[in-house]
Amino acid sequence: MRRRGLLLAAALAAIAVLGFLSDRVHGEVDLTAGHSLSLSRQTKDVLGQVHREVKVTAFLLRGDPSRAQAASLLARYRRRNHWIAYRVLDPTDTPGEAARLDIDPTEGGVALSSRGQVERAPTVTESDLTAGIARLLRHHPATLCIAGGHGEPSVEDGAGPGLSTLAGLLVTNGYRLQPLDLLVRPAVPPGCDGLVLVNPTAPLGPAQSAIADYLAGGGRALVLNDPASTVDLSPLVQLYGMTVVHGLVLEGDDGARLPDDPLSPVVHDFTSSSPVVRHLAPVVLPTCEAVLTASDPGRGLSVAPLASTSRLSFLSRRPRDTGTRFDPAVDVRGPINVGGAADLVANLGGHVRRTRVVALGDSDFATNALVGEGGNARLLVQALDWLTLQEDLVSVSTNIPALRPLSLTEARTRYLRYVTAGVVPALFLLAGGTVWAVRRSR
Amino acid sequence: MTRAVVGKELRVLWASPVPYVVGALLQLVLGLLYVDQLAARRQALFQPAVPIAGFLLLALTPLVCMRAVAEEARSGTLELLLAVPVAGRPLVVGKWLAAWITVLVVLAPVVLFVLLLEWFGNPDLGPVLSGLVGLALLAGALAALGVLASSLTSTQPVAAMTAFFVSLLLWFAHVRAEALSVGGVMDRLSISERLRGFAGGVVDTSDVAFFVLLAAAALTLAAAAVDGRRLR
Amino acid sequence: MIEAVRLSRDFGGREAVREVSFSVAPGEVVAFLGPNGAGKTTTIRLLLGLLRPAAGRADVTRPVGYVPELFAGYDALAVSSYLGFLARMKRVPRAEVEPSLGAAGAADLAGRPVGRLSKGQRQRVGLAQALLGRPPSYVLDEPTQGLDPAQVVEARTLLRSLASDGAAVLISTHLLAEAAAVADRVVVIVRGRVVAEERPGEAGDLERRFLELVGRGELT
Ligand SMILES: Nc1ncnc2c1ncn2[C@@H]1O[C@H](COP(=O)(O)OP(=O)(O)OP(=O)(O)O)[C@@H](O)[C@H]1O
Ligand SMILES: [Mg+2]
């Protein structure tokens, strides 16, 4: 008896040990078509560098359909590396926690912390998480150089057209800001992880070649154009497969603009799967112009269009003359593309240089007056996150599941319900009834 | 020996109304909830069927297993076997296999969902396969828990309720007061978390091992409980 | 060979069997006689290892044919498939099923579901099941209860023939006539103790003796 008890205890202990081991030493097979559930190679590389605890706190409303997905994504991270611990909280349940981690409870988001350092990301997606972890691992925060000296709005300006809100947002997202006066010193210092160029109104002069040189050497830039300025930034972005077409977008679709304001398109058509526009709320872009992207960029260059206005919109090339009227001779029919993201890999002097440029046809949306609207702030942060990540930390290639539409009409839904919830259970009952009847007859 | 037990158990089980009623209930609820999910998502996904079916199995597998040992102990047939003497292990394993097979048969019409998805859309068959594998493993583990509960009592309803309660605890093991999940031991014990990977299309060896070991642990205990009925 | 050596057992402090000793040699039929609640079934379960003795030792040559007090089967199964299953459990060829049913007078029941049998029919199936493989020992707890007189006679003949084939047969009963008719020896148990052990032929008026013994048991 005693011996049997011991044997039983030993068997159970062996099972527990096996369970523990199987959790530590395990492999997985991803059966999805695009391996969409496997972490990308970049993510695995980043996780391989984590050797201290990283706490991930995701804030998602309980009803949010992406909550379960977020949890399983986080579980995959943890399985890959046990230093990752995570929680998924409802921000309305835990406003204190959200406030402590500086997450807007109405927006949600994710905070990643390690040794007192906190990074934030807007969505619980692989690109955001990996980028966040990469930022934690990077010992210094990325430095953003803010171009100035040619009439650009200032990051110190707290008034409506200023950029102080954006500046604050970037700092909370782990960026260090360094204003540059390119008029006084037309050079972009090597310490700039990214350059932000917002609507210069005076000709750039020597600064233009300084920026071009910076980009050619593997620089990263966010270029915000604006119809209000006569300075043509096309030469800067053309090398990277993008063209700024001057004019003014007039939006005719009531559902895609601010009320009764054809000059203020509300863009919700994010055409690409670029991480810059992933999971974005509609973006308000008052007075904006077009940014065209090359459909056939050169070798090593990929360009993604980011967002476009509606079919009922058009680009007025001479708004002063034609007003809000469409002039078929010169104007361009919608949809109008208003942004692009370019990624160029070049082999320069024996090592790889990676240049990234995001160009948008508007700058007002980044100002204090409008940065809080819709997805504006998030668009800017996502653009800069994507721009400033170093090559080994980039998760552009996260495996995304393909959409698999189901053509369900009302009638087909009814049919499905009829078969699965009607016929099949009925067959079970029928079988049961038959067996019962046969048994009774014996 | 085990084969004979499986055959006898299957004949006894399928002569009772239990599998038919369980099958009808499972398919009815699953059909309604799953088609709702499809109508809402309009994507050819099998994924939403997995947690629904999993939870239904949680509730229904105990009904299939409850009679396994409890009823034999109550009616006295077990005494006859113990006097032979038949060891606990083949008895318990046979009963578990029979319950597992029964649950799988009852679950099998979900293949119809896949056919319908193929008809109206173009589903990714990888996650379908892994989802089915996950459900089958879950059914095996739940059946083992059910047989264990049944071996601890001579009252079928008590066995069913015990099994359901324990499975429920395991299903929600990862749920803390406010959080959905934390890195800890408890969420490694959560069967719903384990099922999630399968539903999405990933077969992880640790998840497979979890269900297999859960079943093994439950069956080891059940065999000990049956042997313990001898020499009391 | 069936042997009980000073077997004792209590249930929650209540003594059920106290120092019961007796033995059944091969070729012998022994009746275990006692009033209701005397401890017959408890002793039998001790012998079969279904209960753990508090003291003493049980020794039974295996395999053993066992008819429990209340014979139970799986109601849905036909008699023959139930016996087939038990044959597999006893590692006996399935071909044994038919002769066993025949010997127990249950050949006509083979195709009937167990759940539909009458009490006497059940008892016969229980007997048939014990005969599977013709084991060297039989322990039968009230094997003739519920049988009609003709069947009782047949059952007695069967038990005797088992013994004459060299098996050790122990039957329990609370019927004096039964014990007298079939047994070579009678072990009388009252209130958990063996109070007498005698050969039916020797004690002239068995009934008077039995009542006397039971009465004496109740006095102590
Ligand atoms: N499992 C048990 N738990 C508690 N008491 C028990 C148990 N089994 C038997 N007893 C008690 O032990 C005593 C002997 O019971 P047992 O069943 O051996 O009697 P018996 O001689 O077989 O009677 P009968 O002729 O009615 O079959 C009785 O008092 C009974 O109540
Ligand atoms: Mg009795």
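Residues numbered from 1 in each chain as written. Chains lettered and ligands numbered in written order. Predicted model: local features only at pLDDT ≥ 70, side-chain atom pairs only at ≥ 80, totals over all residues. Heavy atoms only, no water.

On to the pairing of strand 9 (residues 220-224) of chain A. All names here are of chain A. Counting buried residues in strand 9 gives 5 out of 5 residues, a clear majority hidden from the surface. Residues R220, L222 and L224 of strand 9 are buried on one face, and the alternating residues A221 and V223, pointing to the opposite face, are buried as well. Where strand 8 (residues 194-198) lies against strand 9, 4 bridges are found, and the strand directions are parallel. In the sheet register, L195 faces strand 9, and the bridge partner there is A221. A crossover links strand 8 with its parallel partner strand 9, the connecting element being helix 7 (residues 206-216), and its sense is right-handed. Sheet topology note: the strand 9/strand 19 (residues 351-360) ladder contains 5 bridges and is parallel. (Buried < 20%, exposed > 50% of the residue type's maximum accessible area, 1.4 Å probe, protein only. Helix = DSSP H or I, 4+ residues; strand = E, 2+ residues; numbered from the N terminus. Pairing = 2+ DSSP bridges. Right-handed = clockwise from strand over helix to strand, strands pointing away.)

Moving on, we come to the confidence of the model for chain B. Residue and element names in this part refer to chain B. For chain B, per-residue confidence averages 90 on the pLDDT scale, and 94% of positions sit at 70 or higher. Averaged over each element, pLDDT in chain B is lowest for helix 10 (residues 185-188) (66) and highest for helix 6 (residues 88-107) (96). Note on residues 177-183: pLDDT under 50 across the span, and 24 contacts to partners over four residues away in sequence or across chains. (pLDDT = per-residue confidence, 0-100. Contact = heavy atoms within 4.5 Å.)

All names here are of chain A. Along the chain, the position of L73 falls in helix 3 (residues 67-80). Expressed as a C-alpha distance, the spacing of L73 and S38, which sit 35 residues apart in the sequence, is 9.3 Å. Setting aside residues no more than four positions away along its own chain, L73 makes contact with L39, V124, T125, E126 and L129.

With that settled, the discussion passes to the packing of helix 2 (residues 18-41) of chain B against helix 3 (residues 49-65) of chain B. Residues and elements named next belong to chain B. In the contact formed by helix 2 and helix 3, the axes pass within 10 Å of each other and the chain directions differ by 165 degrees. It follows from the interaxial angle that helix 2 and helix 3 lie roughly antiparallel. Helix-helix and strand crossings are classified by hand; for helix 2 and helix 3 the assignment is right-handed. Counting all contacts with helix 2, which are made through V18, V22, L25, L26, V29, L30, L33, Y34 and Q37, the residues of helix 3 involved are A49, I52, A53, L56, L57, L60, L63 and V64. (Axes fitted to C-alpha atoms, helices over the stretch in contact; angles between N-to-C directions. Parallel < 35°, antiparallel > 145°, perpendicular 65-115°, else oblique. Left-handed = near helix turned anticlockwise from the far one by under 90°.)

The subject of this paragraph is the interface of chain C and chain A. Interfaces are often sized by the amount of accessible area the parts lose when they come together. Contacts between the two partners involve 5 residues from chain C and, on the opposite side, 4 residues from chain A. Note on chain C versus chain A: buried area summed over both sides is about 400 Å², and carbon and sulfur give 39% of it. Contact with chain A buries area across many residues of chain C, yet A76, P113 and R116 of chain C alone supply 71% of it, more than any other trio. Our count for the contact surface shared by chain C and chain A stands at 0 salt bridges. (Buried area = accessible area lost by both parts, 1.4 Å probe. Salt bridge = Lys/Arg side-chain N within 4 Å of Asp/Glu carboxyl O.)

A surface patch of nonpolar side chains, amounting to about 670 Å² of accessible area, comprises Y415, Y418, V423, L427 and L430 of chain A together with W119 of chain B. In this fold, W119 of chain B is placed in helix 7 (residues 110-120). Overall, the relative accessible area of 54% leaves W119 of chain B in the exposed class. (Patch = residues over 30% accessible without salt bridge, like charges linked within 9 Å, V, L, I, M, F, W, Y side chains within 5 Å. Areas by Shrake-Rupley, 256 points an atom, 1.4 Å probe, with all protein chains shown as cover.)

With that settled, consider the coordination of the magnesium ion (ligand 2). Residues and elements named next belong to chain C. Taken together, the protein ligands of the magnesium ion (ligand 2) are T41 (OG1) and E69 (OE), with distances of 1.9 to 2.1 Å. You can see T41 sitting in helix 1 (residues 40-47) and its partner E69 sitting in the loop between strand 5 (64-67) and helix 2 (79-89), a full 28 residues away along the chain. Taking the relative accessible area as the measure of exposure, E69 reaches 32% and is therefore partly exposed. (Donors = N, O, S within 2.8 Å, 3.2 Å for Na, K, Ca; no water.)

Turning our attention to the sheet that holds strand 16 (residues 314-316) of chain A. Residue and element names in this part refer to chain A. Spatially, 3 strands are ordered 11-16-17 in an open sheet, and the strand pairing comes out antiparallel. The open sheet is flanked by strand 11 (248-250) and strand 17 (332-333), the only strands paired with a single partner. Here strand 11 runs beside strand 16; their pairing, made up of 3 bridges, is antiparallel. Of the residues in strand 16, the one forming a bridge with L250 is F314.

This next bit is on the site of ligand 1. Residue and element names in this part refer to chain C. Among the 13 residues in the neighbourhood of ligand 1, the closest are listed as G37, K40, T41, T42 and E69. A distance of 2.7 Å separates an oxygen atom of ligand 1 from a polar atom in the side chain of K40. For ligand 1, an oxygen atom lies 2.6 Å from a polar atom in the side chain of T41. Notes on ligand 1: free accessible area 630 Å², of which the protein chains cover 63%. Among the elements of the structure, strand 2 (14-24) and helix 1 are those that each provide at least two residues to the shell around ligand 1. If one sorts the elements of the shell around ligand 1 by residue count, helix 1 sits on top with 3 residues. A per-class count over the shell around ligand 1 returns 4 nonpolar, 5 polar and 4 charged. (Near = heavy atom within 4 Å. Polar contact = N/O pair within 3.5 Å; in protein donor to acceptor, adjacent residues only side chain to side chain. Nonpolar A, V, L, I, M, F, W, Y, C, P; charged D, E, K, R; others polar.)

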